[in-house]
Amino acid sequence: MVNEPDLQQLIGEREVANRLARFARVLDGKQYDAIDQVFAADVTFNYGIGGEQAGIKSMRNMLQQFLGSCGPTQHLIGSYAIEVSGDHATSQAYVQARHQCRNDLGGAIFDTCGDYLDEWAHREHGWRIVRRDVK
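What you see is a predicted model; the values in this text were computed from it and never measured.

A. Expanded view of the sheet that holds strand β1 (residues 39–46). Pairing in this open sheet of six strands is mixed, and the strands run β2-β1-β6-β5-β4-β3 from one edge to the other. The open sheet is flanked by β2 (53–54) and β3 (70–85), the only strands paired with a single partner. As judged from the eight bridges shared by strand β5 (residues 109–123) and strand β6 (residues 126–134), these two strands associate in the antiparallel manner. Following the sheet pairing, A121 is matched in β6 by R128. Packed on one face of the sheet, helix α1 (residues 7–28) meets β1, β3, β4 (88–101), β5 and β6 and runs near 165° to β3. Running at roughly 60° to β1, helix α2 (residues 56–67) makes contact with β1, β2, β3 and β4 of the sheet.

Structure follows, in structure tokens:
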């Protein structure tokens, strides 16, 4: 017999999905100071570049380093699977990202794709990513 999700699980899934969407908007709006709306202050992460890193400041610096020199970007996050258990959750989501060259919108474009593997915790200000691995 399959256990049906309860209301709290469904609410958690919805909130996590909304935070994933918020992350894309934060990146594409270059709102680096708003990443704390998605990530916990004590986040640990590995984007497959630079090895294991920790802390919201390190996350912010990495994002600024890679996206700050780009023109417009568009991060599409989808095909996600979210599992909620109490105040903890995991999610797996595909990401496809387009990066255009600054000041040359008809010029070079760099496309990437990957998989966000996230661990979440429900904290004082809502759901936050406490661990991210990118494959």
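B. Spatial organisation of the layout of surface pockets. If you add up the space inside the largest pocket, you get close to 460 Å³. Among the secondary structure elements, those contributing two or more residues to the lining of the largest pocket are α1, α2, β3, β4 and β5. Counting residues per element, the lining of the largest pocket draws most heavily on β5, which supplies five residues. Taken together, the residues of the lining of the largest pocket sort by class into 15 nonpolar, four polar and one charged. Lining the second largest pocket are A17, L20, A21, A24, R25, D28, Q74, H75, L76, I77 and Y80. Listed by contribution, the elements that provide at least two residues to the lining of the second largest pocket are α1 and β3. Of the residues forming the lining of the second largest pocket, the biggest block, six residues, is contributed by α1. Residues belonging to the lining of the second largest pocket are distributed by class as follows: seven nonpolar, two polar and two charged.

Thresholds, definitions, all that
- Residue positions are counted from 1 within each chain, in the order its sequence is given.
- It should be noted that, the model being predicted, local features are given only for residues of pLDDT at least 70 and side-chain atom pairs only at 80 or more, the latter also being counted only at that level, while totals for whole chains, interfaces and linings use all residues.
- Side-chain measures were taken over the full set of non-hydrogen atoms in the model, leaving aside hydrogen atoms and water.
- At least two bridges found by DSSP between two strands is the condition for calling them paired.
- In this description a helix means any DSSP run of H or I spanning at least four residues, a strand means any run of E spanning at least two, and both kinds are numbered starting from the N terminus.
- In what follows, a contact means two residues having at least one pair of non-hydrogen atoms within 4.5 Å.
- All axes here are fitted lines through C-alpha atoms, helices being fitted over the stretch that makes contact, and every angle between N-to-C directions spans 0 to 180 degrees.
- Buriedness for pockets is judged along seven lines, at least five of which must meet protein on both sides within 12 Å for an open set on the 1 Å grid over protein atoms alone, while cavities are sets there where a 1.4 Å probe fits but cannot get out, and lining residues have an atom within 4 Å of a point.
- Grid points are joined across faces, edges and corners, and a volume is the space filled by probe spheres set on the points.
- Charged residues are taken to be Asp, Glu, Lys and Arg, nonpolar residues to be Ala, Val, Leu, Ile, Met, Phe, Trp, Tyr, Cys and Pro, and polar residues to be all remaining types, Gly included.

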